[in-house]
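Below, each chain spelled out in residue letters.
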Amino acid sequence: MDILSVHNLSKKYERFELKNVSFSLEHGYIMGFIGRNGAGKTTTLKSILNLVHADGGQVTILGQDFSRNELELKQKIGFMLGGTTFYPKKKLKTVADAVRRFYDEWDDALFSDYLTKFALDPDKKVEELSTGMQVKFALALALSHNAKLLILDEPTSGLDPVSRDEILELFQELIEDGKRSILFSTHITSDLEKCADYITYIKNGEIVASAEKDEFLERYKLVRGGTGALSGELRKKLIGYKENSFGFTGLIRAAELPQGQNLEVSPADIESVMIYFEKEQKQ
Ligand SMILES: Nc1ncnc2c1ncn2[C@@H]1O[C@H](COP(=O)(O)OP(=O)(O)OP(=O)(O)O)[C@@H](O)[C@H]1O
């Protein structure tokens, strides 16, 4: 069963529109949500949680309509959108006291374990934490009420590589028993290579693709060729390309790969897919 299903979510701002965003996530998996700055990731995550009022669409969580069961379902969700900087002068333990009241299943021992794991002192004030420590603290808060679904906006930004690796390992531990799922947005494509099972890619407020990671990558190929190889026909088929004095490199849908041409073909990686898709309109 899907733990999260988003259907035709839409939201219009004066200069931006989220258009019929649809995707779903099953129990026991990690989904990476990618897209460049301003693509609509935060707006989507906030709309899912009704922190931004969507103009249309349905969100179903654990089989229930979120708009009708928001309070009950929020007990089952851990979310982190933008850290904890709105309580700069408060001690970590004071912030935790305020947060724990919202959750029936808040687990003090678990929260304490996370503080230890993340080397956070409960007597420190939020403003005394580095950016990375604030992220860890926000994660500890999001993880301490036995949530089934974690919705995290850029949880690894601001973390050093070692801390990032720790967090990604923690994500994997959290989903191991198949009872939880994680939806997290990121710009760091290596995070996705490391731990995402599914990828959802948003561009200009529209979902380009939402698929299992390997399937997502198998859809595209990188092609390289000399200057003469970039015919008009090939140009049309390429999603995006870069030219230099030796020739070109581009991205193509695997199904569109031309046969019998002298092209060097290699597997696509997530970063290249994003880069060439974002170049698409400039041609
Ligand atoms: N409250 C608002 N009013 C008007 N426009 C908004 C509002 N919030 C966001 N936007 C616009 O919506 C667009 C999408 O923003 P959003 O924060 O969802 O992008 P994002 O993909 O999360 O970007 P980033 O990676 O930079 O965090 C942007 O153009 C932004 O300016």
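Residues numbered from 1 in each chain as written. Predicted model: local features only at pLDDT ≥ 70, side-chain atom pairs only at ≥ 80, totals over all residues. Heavy atoms only, no water.

- You'll find the chain entered in an unreviewed UniProt entry as ABC-2 type transport system ATP-binding protein, with Sporobacter termitidis DSM 10068 given as the organism.

### Details of the site of the ligand
Argument step 1. Residues in close proximity to the ligand include Tyr-13, Phe-16, Arg-36, Asn-37, Gly-38, Ala-39, Gly-40, Lys-41, Thr-42, Thr-43, Glu-154 and His-187, which together make up its full environment.
Argument step 2. Contact distances for the ligand include 2.9 Å between an oxygen atom and a backbone N or O atom of Gly-40.
Argument step 3. The separation between an oxygen atom of the ligand and a polar side-chain atom of His-187 is 3.0 Å.
Argument step 4. About the coverage of the ligand: the protein hides 58% of its 640 Å² of free accessible area.
Argument step 5. Top contributing element to the shell around the ligand by residue count: helix α1 (residues 41–48), with three residues.
Argument step 6. Residues that form the shell around the ligand fall into these classes: three nonpolar, six polar and three charged. (Near = heavy atom within 4 Å. Polar contact = N/O pair within 3.5 Å; in protein donor to acceptor, adjacent residues only side chain to side chain. Areas by Shrake-Rupley, 256 points an atom, 1.4 Å probe, with all protein chains shown as cover. Helix = DSSP H or I, 4+ residues; strand = E, 2+ residues; numbered from the N terminus. Nonpolar A, V, L, I, M, F, W, Y, C, P; charged D, E, K, R; others polar.)

### Topic: the packing of helix α4 (residues 108–117) against helix α5 (residues 131–143)
Argument step 1. Running from N to C, α4 and α5 cross one another at 160°; their axes reach a closest spacing of 9 Å. When the interaxial angle is binned, α4 and α5 end up roughly antiparallel. Remark: the crossing between α4 and α5 carries right-handed chirality. Contact with α4, carried on its side by Leu-110, Phe-111, Tyr-114 and Leu-115, involves Phe-137, Ala-140, Leu-141 and Leu-143 of α5 and no other residues of that element.
Argument step 2. The class makeup of the residues in the contact of α4 with α5 is eight nonpolar, no polar and no charged. (Axes fitted to C-alpha atoms, helices over the stretch in contact; angles between N-to-C directions. Parallel < 35°, antiparallel > 145°, perpendicular 65-115°, else oblique. Left-handed = near helix turned anticlockwise from the far one by under 90°. Contact = heavy atoms within 4.5 Å.)

### A few points about the pattern of salt bridges
Argument step 1. Counted under the stated rule, the structure contains 14 salt bridges.
Argument step 2. Between Glu-243 and Arg-235 there is a salt bridge, and its shortest N-O distance comes to 3.9 Å.
Argument step 3. The exposure class of Arg-235 is partly exposed, given its relative accessible area of 33%.
Argument step 4. Salt bridges sharing partners connect three or more residues here, namely Asp-97, Arg-100 and Asp-108. (Salt bridge = Lys/Arg side-chain N within 4 Å of Asp/Glu carboxyl O. Buried < 20%, exposed > 50% of the residue type's maximum accessible area, 1.4 Å probe, protein only.)

### Here's the deal with the domain arrangement of the chain
Argument step 1. Structurally, the chain comprises domain 1 (2–213) and domain 2 (219–282).
Argument step 2. Spacing between the C-alpha centres of domain 1 and domain 2 amounts to 34 Å.
Argument step 3. With 15 residues of domain 1 at the contact, the number on the domain 2 side is 10 residues.
Argument step 4. Taken together, the two surfaces of domain 1 and domain 2 that pack against each other cover about 1,100 Å², and 57% of this comes from carbon and sulfur.
Argument step 5. Viewed at the interface, domain 2 and domain 1 are joined by zero salt bridges.
Argument step 6. Between domain 1 and domain 2 we count three residue pairs in polar contact (both at pLDDT 80 or more) in total.
Argument step 7. For the side of domain 1 that touches domain 2, the secondary structure elements donating two or more residues are α7 (189–195), β9 (198–203) and β10 (206–212).
Argument step 8. In terms of residue class, the side of domain 1 that touches domain 2 is built from seven nonpolar, four polar and four charged. (Domains from an automatic or database assignment. Buried area = accessible area lost by both parts, 1.4 Å probe.)

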